[in-house]
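Next come the chains, spelled out residue by residue.
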Amino acid sequence: MSIDARRDALDLSGPIPLGSAEPRSGTLIVLSGPSGVGKGSLLQALTTSLPGVVRSVSATTRSARTGEIDGFDYHFLSPERFSNDIAHDRFFEFAEYNGNYYGTPCGQVDEMRAGGLDVVLEIEVRGARIVRARAPEAVLIFVLPPSIAELEQRLRNRGTDSEARIAERLQIANDELSCLVLYDYAIVNDDFNRALDMLRAIVLAERCRVRHKPE
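This text gives an overview of the structure that appears in the document. (Residues numbered from 1 in each chain as written. Predicted model: local features only at pLDDT ≥ 70, side-chain atom pairs only at ≥ 80, totals over all residues. Heavy atoms only, no water.)

**Focus: the sheet that holds strand E2 (residues 53–55)**
Rules: In this description, strands pair whenever DSSP reports at least two bridges between them. Elements are defined by DSSP. Helices are runs of H or I of four residues or more, strands are runs of E of two residues or more, and each kind is numbered from the N terminus. Here an angle of 0 to 180 degrees is reported between the N-to-C directions of two axes, which are lines fitted to C-alpha atoms, with helices fitted over the stretch in contact. In what follows, residue pairs with any heavy atoms lying within 4.5 Å of each other are defined as contacts.
Reading across the sheet, the five strands line up as E2-E7-E1-E8-E9 and stay open at both edges, with parallel pairing between neighbours. Every interior strand has two partners, whereas the edge strands, E2 and strand E9 (185–188), have only one. Strand-to-strand twist across the sheet, computed as the mean angle between neighbouring axes with direction ignored, equals 25°. Relative to strand E8 (residues 139–144), strand E1 (residues 28–32) runs parallel, the two sharing four bridges. Pairing of Ile 29 across the sheet is with Val 139, part of E8. Where helix H5 (residues 125–134) meets the sheet, its contacts fall on E1, strand E7 (118–122) and E8, and the angle it forms with E1 comes to roughly 160°.

Take a look at the structure:
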C-alpha cells in the first residue's frame, strides 16, 4: 500500500484497519487509580467522545443498588454462578472486596476486541497485575491525583465515607501509588478537560502503533 493510500485509510475517530483485509483487533486498556481520583468520570467522558471505545462491564456477586441495571452497570451473578465461572476460567481477573466478588468476563472482552473496539477495564492494581500477566499487549494507564491532600479533600467533599473509611482509602491510595511502575502511562487529574485530552491522546496513539507489544 502506498503512503497516500495508507494515510487515506486512517480514520482516527474510530477503530483503524492498518492496511490489511483483516479488521483491526481492539486494544485492551486498563484504567486504574485511587478512589476519588475521577477515573470513572474520565472513562465515561472518553466513551461518549471517542467512537470505538467501550467500557467492560464487570460481574459481581453483590446485590444491585437502586437505579443500577443488570448488564449495564454490572452483571449481577449469584455466588454459585460466579464460582462456576471461576472454575471454568471465564474471568480475565477477579477479586474479593468487602465480602463480594468482582471480575472481568473474558467472553465479552474478546468479542468486543475482535470487532475492533478498544475495551477499557476500570479495575484496581491487583487486577491490573493479573491482566498484565494474561495479556502482555494490554495498555495500562494510571490516573493520579494532584496530591494526597487534594485526594483527601475530594473524598471529604463526596460526603459518603466515615473518617475511618477516608483514612483507609488514603492508605490504599499510597499503596497503589507505589505500584506505578507497573503501568505504561500516568495521567494527573488536576484539570478534568486536560486529563481527558491526555487519555484520548493515549488511545489514539495506540491505534497508530506500528510496533506492537508481544501477545
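Alright, that's what it looks like, and here's the rest.
**Looking at the layout of surface pockets**
Stated formally: Cavities and pockets were defined on a 1 Å grid built over protein atoms only: a cavity is a set of grid points that admits a 1.4 Å probe from which the probe cannot escape, a pocket is an open set flanked by protein on both sides within 12 Å along at least five of seven lines, and lining residues are those with an atom within 4 Å of any such point. Grid points are joined across faces, edges and corners, and a volume is the space filled by probe spheres set on the points. By the convention adopted, Pro, Cys, Tyr, Trp, Phe, Met, Ile, Leu, Val and Ala count as nonpolar, Lys, Arg, Asp and Glu as charged, and the other residues, Gly among them, as polar.
Considering only enclosed or pocket space, the largest pocket measures out at about 1,700 Å³ in volume. In this structure, the largest pocket is lined by 47 residues; those nearest its centre are Lys 39, Tyr 74, Tyr 102, Glu 122 and Glu 124. Where the lining of the largest pocket is concerned, the elements lending two or more residues are helix H2 (39–49), strand E5 (91–97), strand E6 (100–105), E7, H5 and helix H7 (163–177). In terms of residues, the lining of the largest pocket owes the most to one element, H2, which gives seven residues. Looking at the lining of the largest pocket, its residues break down into 15 nonpolar, 17 polar and 15 charged.

**Considering helix H6 (residues 148–158)**
Quick note on the threshold: Each residue gets one of three labels from its accessible area relative to the maximum for its type: buried under 20%, exposed over 50%, partly exposed in between, using a 1.4 Å probe on protein chains only. Here, the arc refers to the directions that run from the helix axis to the C-beta atoms.
Buried residues of H6: Leu 151, Arg 154 and Leu 155, and no others. The buried residues of H6 occupy an angular sector of 100° when projected down its axis, which confines them to one face. Facing away from the buried surface of H6 by more than 90 degrees, the exposed residues are Ala 149 and Asn 157. Looking at the buried residues of H6, the elements they touch are H7. Immediately downstream of H6, the backbone of Gly 159 shows phi near 65°, a positive value.

**Looking at the pattern of salt bridges**
Where we set the bar: Any carboxyl oxygen of Asp or Glu that lies within 4 Å of a side-chain nitrogen of Lys or Arg is treated as forming a salt bridge with it.
All chains considered together, the criterion is met by 12 salt bridges. The salt bridge involving Arg 81 is made with Asp 85; its shortest N-O contact spans 3.1 Å. Taken together, the residues span about one helical turn, with Arg 81 and Asp 85 both in helix H3 (residues 79–87) at a distance of four residues. Residue Arg 81 is classed as partly exposed on the basis of its relative accessible area of 44%. Overall, the relative accessible area of 5% leaves Asp 85 in the buried class. One salt bridge connects Arg 209 with Glu 206, and the closest N-O pair in it is separated by 2.8 Å.

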